[in-house]
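As a plain string of letters, each chain reads:
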Amino acid sequence: MTLNIPLTGDTLPPQAHRLIEAVRELVEAGQGSVALEQPEPEPALPPVAEPAEGGVEVRLLTASRQVMLDGKLLPLTRLEFDLLLFLADHPRRVFSRTQLLNAVWGYEHTGERTVDVHVRRLRVKMGSHLPLITTVYGVGYRLSDEARIIVLPHE
């Protein structure tokens with residue numbers, strides 16, 4: 001028996017580790033095996049044109065989990081930060097509410113409108129002058145092409 005679980009990203013979330021361990025235990029009870037394989041990298045996307053100078057810039061400081069909006073500290077909740085970071089890590093990709101619940105919240109048994117509430121709160125905190133998250137009607141959400149977000153992992 002072969003079970004492939006495609007996972008993306010450099011590090012696995014705790015939920016993925018628990019799933020892998022549970023599958024490993026089930027396989028050991030039978031006669032199967034578990035092997036982890038790295039997924040093939042996604043094709044490279046064309047380079048993004050730099051946003052026009054003078055716009056508002058958002059810096060995500062991942063080590064301290066802080067967000068700087070034009071040099072000022074912006075207080076975000078844990079889930080708002082995680083949602084913004086997830087979208088910034090996946091530019092130009094549209095995600096359904098269910099995909100965002102799985103990726104950011106780690107589960108999908110809560111209502112899908114939870115995502116709408118968090119997106120709305122992020123938009124309010126960022127201000128109307130900053131296009132950040134775009135709604136793709138009938139599908140979900142994506143990071144706006146005009147968003148100037150810089151992810152700094154070690155600051």
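Residues numbered from 1 in each chain as written. Predicted model: local features only at pLDDT ≥ 70, side-chain atom pairs only at ≥ 80, totals over all residues. Heavy atoms only, no water.

1. Structural notes on the overall build of the chain
Right, so step 1: Within the chain, the regular secondary structure consists of four helices and six strands.
Right, so step 2: Along the chain, from the amino end to the carboxyl end, the secondary structure elements read α-β-β-β-α-α-α-β-β-β.
Right, so step 3: Evaluated residue by residue, the chain yields a buried proportion of 30% over its 155 residues.
Right, so step 4: For the chain, the proportion of contacts with a sequence separation of at least 24, taken over those separated by at least 6, is 52%. (Helix = DSSP H or I, 4+ residues; strand = E, 2+ residues; numbered from the N terminus. Buried < 20%, exposed > 50% of the residue type's maximum accessible area, 1.4 Å probe, protein only. Contact = heavy atoms within 4.5 Å.)

2. Brief notes about the sheet that holds strand β6 (residues 149-152)
Right, so step 1: In space, the four strands of this open sheet follow the order β3-β2-β1-β6, with mixed pairing throughout. Only two strands of the sheet have a single neighbouring strand rather than two, namely β3 (72-74) and β6. When the angles between neighbouring strand axes are averaged without regard to direction, this sheet yields 30°.
Right, so step 2: Packed onto the sheet, helix α4 (residues 113-126) meets β1 (58-61), β2 (66-69) and β3 and runs at close to 45° relative to β2. (Pairing = 2+ DSSP bridges. Axes fitted to C-alpha atoms, helices over the stretch in contact; angles between N-to-C directions.)

3. Quick notes on the nonpolar core
Right, so step 1: The biggest cluster of nonpolar side chains holds 30 residues, and the ones touching the most others in it are V58, L60, L84, L100, M126, L132 and I149.
Right, so step 2: If you list the elements that add at least two residues to this core, you get β1, β2, α2 (78-89), α3 (97-105), α4 and β5 (140-143).
Right, so step 3: Here the element with the most residues in this core is α2; it accounts for eight residues. (Core = buried A, V, L, I, M, F, W, Y, C linked by side-chain atoms within 4.5 Å.)

4. Topic: the confidence of the model for the chain
Right, so step 1: Mean pLDDT over the chain: 76, with 68% of residues reaching 70 or higher.
Right, so step 2: A low-confidence stretch, residues 45-54 (pLDDT under 50), is modelled with nine contacts involving residues beyond four sequence positions or located in other chains. (pLDDT = per-residue confidence, 0-100.)

5. Remarks on the pairing of strand β4 (residues 133-136)
Right, so step 1: Here four bridges tie β4 to β5, and the two strands are oriented antiparallel to one another. Considered in β5, the bridge of T134 is made with R142.
Right, so step 2: Linking two consecutive strands that pair antiparallel, namely β4 and β5, is a turn of three residues; a positive phi of about 80° is found at G138 within it.

6. Describing α4
Right, so step 1: Between its first and last C-alpha, α4 extends 20 Å over 14 residues, near the 20 Å set by a 1.5 Å rise per residue.
Right, so step 2: Burial in α4 covers these residues: V115, D116, H118, V119, L122 and M126. The buried residues of α4 occupy an angular sector of 170° when the element is viewed end-on, so they sit on one face. Residues R113, R120 and V124 are exposed on α4 and point more than 90 degrees away from its buried face.
Right, so step 3: Downstream of α4 by one or two residues, G127 has phi in the positive range, about 95°. (Expected span 1.5 Å × (residues − 1). Arc of directions from axis to C-beta.)

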